[in-house]
Amino acid sequence: MQSPTAVLSARSVSVYYGSSLAVRQVSLDIPRGEIVAFIGPSGCGKSTILRCFNRMNDLVASARVEGQITYNDRDLYGPKVDAVAIRSRIGMVFQRPNPFPKSIYENIAFGARINGYRGNMDELVEGSLRRAALWDEVKDKLRDSGLALSGGQQQRLCIARAVAIQPEVILMDEPCSALDPISTLRIEELIKELSGDYTIVIVTHNMQQASRVSDRTAFFNAEATDAGSKVGYLVEYDRTERIFHEPAQEATRDYVTGRFG
Amino acid sequence: MLFNPQLERRYLWDNLFASATWIATGLAILVLLVLLADVLLDGSPRLSWQFITSLPSRKPELAGIAAALGGSIWLLVLTALIAFPIGVGAGLYLEEFSIESWWSRLIEINISNLAGVPSIIYGLLGLQVFARWMQPLTGGRSVLTGALTLALLVLPVIIVSTREALRTVPDGLRQAGFALGATRWQVVSAHVLPLALPGIMTGTILALSRAIGETAALITIGALTFVPFIPNNPTSPFTALPIQIYNWVSRPQQGFHVNAAAGIIILMVVLMMMNATAILLRNRFQKTLT
Amino acid sequence: MLLDSVCLSQRPKLRFNSKIAEILASPRQSVPMESFSQNPSLWQPNRQASQQTDLLVRSILGLFSFVSVATTAGIVLTLFFETVDFFRVIPIWRFFSETRWTPLFASAQFGIIVLISATVLTTSIAIAVALPLGLLSAICLSEYASPKVRQILKPALEVLAGVPTVVYGYFALLFVTPLLQKIIPGLQGFNALSAGMVLGIAITPLIASLSEDAIYAVPRSLRDGSYALGATKRETIVSVVLPAALSGIVASVILAVSRAIGETMIVAIAAGQNATLGLNPLVSTMTMTAYIVQVSLGDTPAGSIAYQTLFAVGTTLFVMTLGLNVFSFWFVRRFREKYD
Ligand SMILES: Nc1ncnc2c1ncn2[C@@H]1O[C@H](COP(=O)(O)OP(=O)(O)OP(=O)(O)O)[C@@H](O)[C@H]1O
Ligand SMILES: [Mg+2]
């Protein structure tokens, strides 16, 4: 059931940390140009799966990925695929804003520079900041440290930083969880705006957020194994309206209506 | 294409950079090995029982390390006797007794500054205060003056390691004691100190091993370089291992250079034994705490 | 299972009792434990006496903690008074303006600049060696070495830090200098070059270990942010990690400079005792510390001008190192990036 428009597609993906299985047998497609939300209780492996998509898990020595993930129909973990090249095509925004301790300008220019950007850097910085709806707030202080911004601004700077290298996909791991409601709304608007040009996968604990911004939603859950540890799995993946209004699984209904226990 | 990642070239630089870090680390350790090998090659032919038991002499073949070794042992014991109670006491006070936080802070700042003062400056202090002003008590340029100076030098290390050791003792132990109406000193002396003692000992030994290798401060207080006897009381003039080594190095004759290398081997063996003791103590300590 | 829980609930009580016994017994007489609950007359702890002991102990320990402050005061005062005496005889402008350092000659001159130039020279050479070695080793240990390799390398570097400086002096004079003389023909037997280089090796562990701490403190999230942009490991280290650790690295270098300035035996043994103004690393020269050693070796009567120069030079040395130390503490505080 691989849809022709899938940018990323996972087939029976299991992830281990050391010898313990964290997520098992996840299969899903991320269609091009759509926003996909991952929801589910804490520890069910949403971040883990997300980090498989841009091979950030390579940086965790104990992590091991089984199964297959394809990116534009090529094996993401194939022998000739370079993780660094992949990450410049599949960007990531993290739970806590993590601007570099550099100027706002340099925060944006860094990624472009290492990736050999050949256009006008000033224009790229301005364009990216505009994309992230941050330009008006920072245009007079591009030389100030990125750390001097508010949390919401920092997160938009991180989004601008990701956008600047013009990736195909942006992965967002709970990008609003450290922000206040107003900043959250702004980021949500931003995400919707970006959706035409980018494929976005967003992990969120906020049910309304998932229903507001996403086209599709994947619900993950975790169950206890015999050994006493928890292992995550994909319960249901469908269009967002269906997940929220007529889910196929009992567990999904309980979760989205807040009756999860 | 707007982007031209040029991965090959970047990976080349990555490999060069990684190699540079390995080479730098390797170089530092290589120098250490070369130094040790050089000293061993130069000095081991001279090592003998005669060398260890002989007093200094104008003839390199007859000269030995006995007076310096004896002086260093005197220094070690006296420095330990002075620095250990004061350092541990100060650490105890700061960690367990001090109520005035500004006093603790002042001492903390003071200690971190003292740690940066060159040892030769301690030597000047020792020269003026212990060797001159307190001459009637210390006998001037005596082994006691040397020990007092070295004690001040290593005091910050002992205080800091005492405090660290005390911090590893769980607070519940103190609370339990206080809850029973015991005074601070009762709680500390009966329960806290015994638990922290191995850690304190480790820190003290490491501090003393710094004192044993210290040269500049002793030269400044005027430790004599030619002392043909082992001190027999604290006010006796003295020489010590590093001073004897310095004396031999700075002579032109090759024979004395060999003696210096042999002296270095003995100094390093003493240091190694002290460090081994400290490591043993530390391991034992870790076991009892877990 | 049941038995277990019973035992567990009793054990603390037992320990509790023995603790009472210990605490009450230790300073005074020991009391048999069984008689505690039965005989109330025994419950008369001598609170007054134990509080007096406590006060006494507290005062003694407080006095001990005063020793470290007294040391600082002692250093400052001895340096100050002897230096003032020195400047009574030799006006301060001569100290700073003369260009020769010949205090023991008949036509005595007291240009401290001569000694400072030598110190600056050896220190610069040392830093030129120690900064790349120390920083790259710090990066190697924290970013490239596996935990196992690190467990071997780190103690080895610590050994390097524990080698007495007189040993380094021996190594510089009798190994490094002859070696360098084969490469550089004009190199004198005593020279700033080999002294400075070995001094650099001696302070490498300091830079390595303090920089490693600073690098270690850079949060993982920053590295992740860089990798997620498609940066390689080197790009992440050079462009993100090192700038983030900069304040700590700079502080470590400043402390290393301070250590190099105050280091004595390596330069006294290998750099020689030739007090001439100049920055030629190939010839013999005399640093501030080497001068103090030279004078100390002779029998210098207290109160003589030579004796006082010790303290004038010592004060210069002290002010320089203290200034650097204070600056480095200030620098870390001022420029430390705060990550939460
Ligand atoms: N680096 C790691 N090493 C070992 N185990 C890990 C690591 N990262 C995650 N895990 C484990 O994998 C499981 C899934 O974690 P993950 O972070 O993917 O969950 P999550 O769904 O994102 O949770 P949350 O909603 O709290 O972010 C957890 O049990 C976690 O303990
Ligand atoms: Mg997560």
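Residues numbered from 1 in each chain as written. Chains lettered and ligands numbered in written order. Predicted model: local features only at pLDDT ≥ 70, side-chain atom pairs only at ≥ 80, totals over all residues. Heavy atoms only, no water.

*Asks:* Give me the domain arrangement of chain C: which residues, what numbers.
*Replies:* By convention, interface size is frequently given as the accessible area that disappears when the constituent parts associate. All names here are of chain C. Under the domain assignment, chain C is made up of domain 1 (49–95) and domain 2 (112–335). The gap between the C-alpha centroids of domain 1 and domain 2 is 29 Å. Contact residues are listed per partner, giving eleven residues for domain 1 and eleven residues for domain 2. Roughly 990 Å² is buried in total at the junction of domain 1 and domain 2, and carbon and sulfur atoms are behind 78% of that figure. The largest share of the area that domain 1 buries against domain 2 comes from L79, E82 and F95, three residues that together contribute 54% of it. Here domain 1 is connected to domain 2 by zero salt bridges. Scanning the region where domain 1 abuts domain 2 turns up three residue pairs in polar contact (both at pLDDT 80 or more). With nine residues, the top contributor of residues to the side of domain 1 that touches domain 2 is helix α3 (residues 47–89). (Domains from an automatic or database assignment. Contact = heavy atoms within 4.5 Å. Buried area = accessible area lost by both parts, 1.4 Å probe. Salt bridge = Lys/Arg side-chain N within 4 Å of Asp/Glu carboxyl O. Polar contact = N/O pair within 3.5 Å; in protein donor to acceptor, adjacent residues only side chain to side chain. Helix = DSSP H or I, 4+ residues; strand = E, 2+ residues; numbered from the N terminus.)

*Asks:* Account for the confidence of the model for chain C, with residues named and values stated.
*Replies:* In regions of low pLDDT, the predicted coordinates are not meant to be interpreted in detail. Residue and element names in this part refer to chain C. Of all residues in chain C, 85% attain a pLDDT of 70 or more, and the chain-wide mean is 84. Here residues 1–37 scores under 50 on pLDDT; set against residues more than four positions off or in separate chains, the count is 30 contacts. Interface scoring of the predicted complex returns ipTM 0.92; its pTM is 0.87. (pLDDT = per-residue confidence, 0-100.)

*Asks:* Can you tell me about the side chain of T215 of chain B, naming the residues and giving the values?
*Replies:* Topologically, T215 of chain B is positioned in the loop between α9 (184–213) and α10 (216–221). Setting aside chain neighbours within four positions, we find T215 of chain B in contact with P242, I243 and Y246 of chain B together with V166 and M265 of chain C.

*Asks:* An account of the pairing of strand β2 (residues 20–31) of chain A is needed here, citing residue identities and associated values.
*Replies:* Two strands pair when backbone bridges link them, and strand β1 (residues 6–17) of chain A and β2 of chain A are joined in this way by eight bridges, in the antiparallel orientation. Note that in β2 of chain A the partner of A6 of chain A across the bridge is P31 of chain A. (Pairing = 2+ DSSP bridges.)

*Asks:* Break down the interface of chain A and chain B for me, with residues and values.
*Replies:* Contact with chain A, which involves 13 residues of that partner, is made by eight residues of chain B. Roughly 930 Å² is buried in total at the junction of chain A and chain B, and carbon and sulfur atoms are behind 54% of that figure. It is V84, N115 and R118 of chain A that lose the most area in chain A upon contact with chain B, and together they represent 43% of the buried surface on that side. At the surface where chain A touches chain B, the tally comes to four residue pairs in polar contact (both at pLDDT 80 or more). Listing elements by their share of the side of chain A that touches chain B, those giving two or more residues are α2 (83–89) and α3 (104–114) of chain A.

*Asks:* Kindly report on the layout of surface pockets, identifying the contributing residues and their values.
*Replies:* The computed volume of the second largest pocket comes to approximately 660 Å³. Together, 24 residues line the second largest pocket, and L59 of chain A together with S142, E143, R220 and K233 of chain C are the ones closest to its centre. Among the elements that take part in the lining of the second largest pocket, helix α9 (residues 220–227) of chain C stands out by supplying four residues, more than any other. Residues belonging to the lining of the second largest pocket are distributed by class as follows: eleven nonpolar, three polar and ten charged. (1 Å grid on protein atoms, 1.4 Å probe; cavity = no way out; pocket = protein on both sides within 12 Å on 5 of 7 lines; lining within 4 Å. Points joined across faces, edges and corners; volume = space filled by probe spheres on them. Nonpolar A, V, L, I, M, F, W, Y, C, P; charged D, E, K, R; others polar.)

*Asks:* Run through the interface of chain B and chain C, naming residues and quoting values.
*Replies:* Listed as interface residues are 82 residues of chain B and, on the opposing side, 88 residues of chain C. Linking chain B with chain C are three salt bridges, by the criterion used here. Linking E82 of chain C and R132 of chain B is a salt bridge whose minimum nitrogen-to-oxygen distance equals 3.8 Å. Inspection of the region where chain B meets chain C yields 15 residue pairs in polar contact (both at pLDDT 80 or more). No other element matches the 21 residues that helix α1 (residues 7–43) of chain B contributes to the side of chain B that touches chain C. When its residues are assigned to classes, the side of chain B that touches chain C shows 57 nonpolar, 18 polar and seven charged.

*Asks:* Please give an account of the pattern of salt bridges that cites residues and values.
*Replies:* Applying the stated criterion to the full structure yields 31 salt bridges over all chains. The partner of E126 of chain A in a salt bridge is R130 of chain A, and the shortest N-O contact between them spans 2.7 Å. With E126 of chain A and R130 of chain A both in helix α4 (residues 121–131), this residue pair falls four residues apart, about one helical turn. Assessed through its relative accessible area of 46%, R130 of chain A is described here as partly exposed. Across the salt bridge formed by R223 of chain C and E143 of chain C, the nearest N and O atoms sit 2.3 Å from each other. Of this pair, R223 of chain C sits in helix α9 while E143 of chain C sits in helix α5 (residues 112–144); the two residues are 80 residues apart in sequence, bridging distant segments of the chain. Exposure remark for R223 of chain C: the relative accessible area of 13% places this residue in the buried category. (Buried < 20%, exposed > 50% of the residue type's maximum accessible area, 1.4 Å probe, protein only.)

*Asks:* Report on the pairing of strand β9 (residues 216–224) of chain A, specifying residues and quantitative values.
*Replies:* Residue and element names in this part refer to chain A. Here strand β3 (residues 35–39) runs beside β9; their pairing, made up of four bridges, is parallel. Its bridge partner lying in β9, A37 is registered against T217. For β9 and strand β10 (residues 230–239), the ladder comprises nine bridges, and the chain directions are antiparallel. Within β10, the position partnered with A222 by the bridge is G232. The antiparallel hairpin formed by β9 and β10 contains five residues in its connecting segment, where G228 sits at a positive phi of about 95°.

*Asks:* Can you break down the site of ligand 1 residue by residue, with the values?
*Replies:* Residues and elements named next belong to chain A. Taken together, the neighbourhood of ligand 1 is formed by Y17, A22, S42, G43, C44, G45, K46, S47, T48, V60, E174 and H205. For ligand 1, an oxygen atom lies 2.7 Å from a polar atom in the side chain of K46. For ligand 1, an oxygen atom lies 2.4 Å from a polar atom in the side chain of T48. The protein chains hide 61% of the 630 Å² of surface that ligand 1 would expose on its own. Broken down by element, the residue count for the shell around ligand 1 peaks at three residues, all from helix α1 (residues 46–53). Here the residues of the shell around ligand 1 sort into four nonpolar, six polar and two charged. (Near = heavy atom within 4 Å. Areas by Shrake-Rupley, 256 points an atom, 1.4 Å probe, with all protein chains shown as cover.)

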